[in-house]
Amino acid sequence: MPKLTPARAEGRAAKLDAASLDHYHQHGYVLVEDLLDPATDLDPVLAEYDQVLDDLANELFAQGKIASAYADLDFDQRLCQIYNETGQVHAQHFDISLPQGGTRADSPISVGPAAFAALRNEKLLDIIEEIIGPEVYSNPVQHIRIKPPEQYLPGIPKDHHGRIAGFAVGATPWHQDNGVVLPEADETDMLTVWMPLTNAFREHGCIEVVVGSHRDGLLHHCWGEGFGLFVQDKHLAQDKIVTAEMKRGDVLFMHRLTCHSSLPNVSDKVRISFDLRYNPTGQPTGRPLFPGFIARSRQDPTSELRDTEAWAQSWYDTREKLSRVDVPTFNRWPSNDPVCA
Ligand SMILES: O=C(O)CCC(=O)C(=O)O
Ligand SMILES: [Fe+2]
């Protein structure tokens, strides 16, 4: 399988060289190696999630749902132990976004300062600015994906295809990010930023990309019970698939129409990644009920949101509001689509 072309950032990582930018436009993605410093940019985020897991463990223990809070286990072992013992994937506890439906006033969400700092990371914004321009909006379609080794999840149910059920725990099917947002975002420059917080090599379930697929327009997506929206294999150029093995510090930038997926985690380590999205300020985000913010503005730097508490509050306010209304779906594709049968 061909390797992605890495674009090495220079100096303070503020620049994509012309060849890398050209690679993005030509192929629909660019993988920038060593853009982030694992110790200063990523470890604080992992520490925040250690705390989230600790809180979750204590809460479940207090509710009598687990036999111990397992404070002596490391993150990976503790996570798997809790998932297995409760028979549940607790992904929403860690996520930086609300569920797409059924939000309650107490739905878990994790909007801590380290996550906010990652969304506003200057090195990321420098590259984003080069791709989509100087007025950068943090699009609220954003997730942390914690993908445990499947071999360590005997307690989690599988669907009838043998796939492990739950958000992001298994392989992610082929899709375009444009396909999972509302049509209002179809004409935008929404950009996906994917970064591993732990190494994401093939065995950990890394991303795969169909090179140049952003040129083929929006593909038809089907709805799969348990694993969400996907593009059928017949629409995929199999010979254009590349595997994006990435280490901590690398960042992948993808066009909204670039078709991608991820492999199952067959390793013995939990794979943790962020997928964030940005669009030029003023363009629709594709999820109008969720809160975004101005991450960078060259025109009016004072309009940038720098207050981590205000950001968290914007999500808490949204949660409260959504818990009282019947939220229309963010999905444009019918669930019983004859084209998908
Ligand atoms: O991390 C994954 O498994 C899938 C990520 C993805 O689909 C995305 O970043 O848009
Ligand atoms: Fe995606």
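As a reminder, the structure under discussion sits directly above these lines.
In what follows, the accompanying structure is described. As the structure is a computational prediction, the values presented were derived from the model and not from experiment. (Residues numbered from 1 in each chain as written. Chains lettered and ligands numbered in written order. Predicted model: local features only at pLDDT ≥ 70, side-chain atom pairs only at ≥ 80, totals over all residues. Heavy atoms only, no water.)

1. Description of empty space enclosed by the protein
Under the definition given, this model contains 2 cavities of 30 Å³ or more. Roughly 110 Å³ of internal volume is contained in the largest cavity. Lining the largest cavity are 14 residues, and of these Arg-145, His-175, Trp-194, Ile-207 and His-260 lie nearest its centre. Breaking the lining of the largest cavity down by element, the ones donating at least two residues are strand E3 (172-175), strand E4 (191-196), strand E10 (260-262) and strand E11 (271-280). For the lining of the largest cavity, the per-class residue count stands at 3 nonpolar, 6 polar and 5 charged. Approximately 40 Å³ is the volume found for the second largest cavity. In terms of lining residues, the second largest cavity is bounded by Tyr-83, Ala-91, Phe-94, Asp-95, Ile-144, Arg-145, Ile-146 and Phe-167. Here the lining of the second largest cavity takes 3 residues from strand E2 (residues 135-147), the largest share from any one element. (1 Å grid on protein atoms, 1.4 Å probe; cavity = no way out; pocket = protein on both sides within 12 Å on 5 of 7 lines; lining within 4 Å. Points joined across faces, edges and corners; volume = space filled by probe spheres on them. Helix = DSSP H or I, 4+ residues; strand = E, 2+ residues; numbered from the N terminus. Nonpolar A, V, L, I, M, F, W, Y, C, P; charged D, E, K, R; others polar.)

2. Here's the deal with the sheet that holds strand E1 (residues 29-32)
Whether parallel or antiparallel, the strands of a sheet pair through hydrogen bonds between backbone atoms. Overall, antiparallel pairing links the 6 strands, which are arranged E1-E9-E4-E11-E2-E12 in an open sheet. Both edges of this open sheet fall to E1 and strand E12 (293-297), since each of them pairs with a single strand only. Averaged over all pairs of adjacent strands, the angle between strand axes in this sheet comes to 25°, irrespective of strand direction. Note: E2 against E12, 4 bridges, orientation antiparallel. Each bridged residue has a counterpart across the sheet, and for Glu-135 the counterpart in E12 is Ser-297. Along the sheet, helix H1 (residues 18-27) makes contact with E1, E4 and strand E9 (251-255), crossing E1 at roughly 145°. Contacting E1, E2, E4, E9, E11 and E12, helix H5 (residues 122-132) crosses the sheet at an angle of about 45° to E11. (Pairing = 2+ DSSP bridges. Axes fitted to C-alpha atoms, helices over the stretch in contact; angles between N-to-C directions. Contact = heavy atoms within 4.5 Å.)

3. Description of the packing of aromatic side chains
Summed over the entire model, instances satisfying the criterion amount to 6 aromatic pairs. A ring pair is formed by Tyr-49 and Phe-274, whose centres lie 6.3 Å apart and whose planes are at 75°; its orientation type is edge-to-face. Taken as a pair, Tyr-49 in helix H2 (residues 38-62) and Phe-274 in strand E11 lie far apart in primary sequence, 225 residues in all. Looking at Tyr-49, the relative accessible area reads 1%, which means it is buried. Seen in terms of ring centroids, Phe-116 and Phe-293 are 5.3 Å apart; in terms of plane orientation they differ by 50°. Their pairing is tilted. Of this pair, Phe-116 sits in helix H4 (residues 113-119) while Phe-293 sits in strand E12, and the two are 177 residues apart along the sequence. Judged by relative accessible area, which is 4%, Phe-293 ranks as buried. Through a chain of ring-to-ring contacts, three or more aromatic side chains come together here, namely Tyr-49, Phe-75, Phe-94 and Phe-274. (Phe/Tyr/Trp six-rings, centres within 6.5 Å; stacked < 30°, edge-to-face > 60°. Buried < 20%, exposed > 50% of the residue type's maximum accessible area, 1.4 Å probe, protein only.)

4. What about the side chain of Gln-142?
Along the chain, Gln-142 falls in strand E2. Looking at Gln-142, its side chain comes within polar contact range of the main-chain oxygen of Ile-96, at 2.9 Å. Among residues more than four places away in sequence, those in contact with Gln-142 are Asp-95, Ile-96, Ser-97, Leu-119, Asp-275, Leu-276, Arg-277, Trp-311 and Trp-315. (Polar contact = N/O pair within 3.5 Å; in protein donor to acceptor, adjacent residues only side chain to side chain.)

5. Quick notes on the pattern of salt bridges
The tally for this structure, following the rule as stated, stands at 22 salt bridges. Three or more residues joined by partner-sharing salt bridges are found here, namely Arg-120, Glu-122, Asp-126, Glu-129, Arg-296, Arg-298, Glu-304 and Arg-306. (Salt bridge = Lys/Arg side-chain N within 4 Å of Asp/Glu carboxyl O.)

6. Quick notes on the environment of Gln-151
By the secondary structure assignment, Gln-151 is in the loop between E2 and E3. With 135 residues separating them along the chain, Gln-151 and Leu-16 place their C-alpha atoms 39 Å apart. Polar contacts involving the side chain of Gln-151 include one to the main-chain carbonyl oxygen of Ser-267, which spans 3.0 Å.

7. Comments concerning the site of ligand 1
Neighbouring ligand 1 are 13 residues, the closest being Thr-172, Asp-177, Ser-262, Arg-271 and Arg-277. The side chain of Thr-172 places a nitrogen or oxygen atom 2.8 Å from an oxygen atom of ligand 1. His-175 places a side-chain nitrogen or oxygen 3.0 Å from an oxygen atom of ligand 1. Coverage of ligand 1 by the protein amounts to 100% of the 290 Å² it exposes when considered alone. When atom positions are compared with the pocket grids, ligand 1 is found to occupy the largest cavity. Taken together, the elements giving at least two residues each to the shell around ligand 1 come down to E3, E4, E10 and E11. Ranked by the residues each element gives to the shell around ligand 1, the list is headed by E11, at 4 residues. When the residues that make up the shell around ligand 1 are grouped by side-chain class, the tally is 2 nonpolar, 6 polar and 5 charged. (Near = heavy atom within 4 Å. Areas by Shrake-Rupley, 256 points an atom, 1.4 Å probe, with all protein chains shown as cover. Sits in = over half its atoms within 2 Å of the grid points.)

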